[in-house]
Amino acid sequence: MDVIHFTHGATDPLHQLRTTGAHFVPLADGTGDTHVSCLHLEKGGRITAPSITHAATLLVVHGRITITTQLGARIRFSGGMGAVFDRHEPYTLEADTTAILLIVEADELKAHPRGISTPLRIAGATWPSDGEISDPEVF
């Protein structure tokens, strides 16, 4: 077993064109061209058109971000949410708060049907730390 850290102190500043307030650390490489990494974004941090040579799954571990797609859609994500992008599908990330994301990159990634957000699937969903919700209509 190899122990890995993806705390902010384990990351390095990401210095690429059109990137601000971002720190990055690669975590694991798999067979073929598969990679797992971690991205820390400062509030207001932004990555415009990250590398799109791979399909990518972005998983928000902590914080809130907005992803803008090539079609101009702006979608807000918070901890426990994520997105799967095809290869060559451009997007922009912007941190609404400090945020931590896990990133999985591979030649091809497809969202599993059980993970895709639908109103029926996520209605009233809570984290264990939220305790019991007395009125599920609140969500």
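Treat the numbers as computed from the prediction; the structure is a model and nothing was measured. (Residues numbered from 1 in each chain as written. Predicted model: local features only at pLDDT ≥ 70, side-chain atom pairs only at ≥ 80, totals over all residues. Heavy atoms only, no water.)

## Overview of the side chain of Thr11
Inclusion rule: The secondary structure listing takes helices from DSSP runs of H or I that are at least 4 residues long and strands from runs of E that are at least 2 residues long, numbered from the N terminus. Only protein chains enter the accessibility calculation, which uses a 1.4 Å probe; a residue whose area is less than 20% of its type maximum is buried, one above 50% is exposed, and one in between is partly exposed. For the purposes of these results, a polar contact is taken to be a pair of N or O atoms within 3.5 Å, where, inside protein, one atom must be able to donate a hydrogen and its partner to accept one; residues adjacent in sequence count only when each atom of the pair is a side-chain atom. A contact between two residues is defined here by any heavy atoms of the two lying within 4.5 Å.
For Thr11, the position within the fold is in the segment before β1 (12–13). With a relative accessible area of 8%, Thr11 lands in the buried category. A distance of 2.6 Å separates a polar side-chain atom of Thr11 from the backbone oxygen of His8. In this structure Thr11 touches His23, Phe24, Val25 and His40, once residues within four positions along its chain are discounted.

## Some points on the packing of aromatic side chains
Inclusion rule: In this scheme Phe, Tyr and Trp rings, the latter by its six-membered ring, pair at centre separations within 6.5 Å, and the angle between planes marks the pair as stacked below 30 degrees, edge-to-face above 60, and tilted otherwise.
Following the criterion strictly, the structure yields one aromatic pair and no others. Arranged with centres 4.0 Å apart and planes meeting at 20°, the rings of Phe85 and Tyr91 form a pair that is stacked. Residue class for Phe85 comes out buried when judged on its relative accessible area of 5%. You can call Tyr91 buried: its relative accessible area is 7%.

## A short note on the nonpolar core
Defined as follows: Grouping buried Ala, Val, Leu, Ile, Met, Phe, Trp, Tyr and Cys residues that are joined through side-chain atoms within 4.5 Å yields what is termed a nonpolar core.
Leu39, Leu41, Leu58, Ile65, Ile67, Leu93 and Leu101 are the most contacted members of the largest nonpolar core, which totals 18 residues. Counting residues per element, the ones that place at least two in this core are β3 (35–48), β4 (55–62), β5 (64–69), β7 (82–85), β8 (91–95) and β9 (99–106). Here Leu39 is in contact with Leu14, Ala22, His23, Ile47, Leu93, Ala99, Ile100, Leu101 and Ile103, once residues within four sequence places are set aside.

## Notes on the environment of Ala83
The topology assignment puts Ala83 in strand β7. A sequence separation of 16 residues divides Ala83 from Ile67, and the C-alpha atoms of the two residues are 9.1 Å apart. Each residue touching Ala83, except ones within four places of it in the same chain, is listed here: Ala56, Thr57, Leu58, Ile67 and Phe77.

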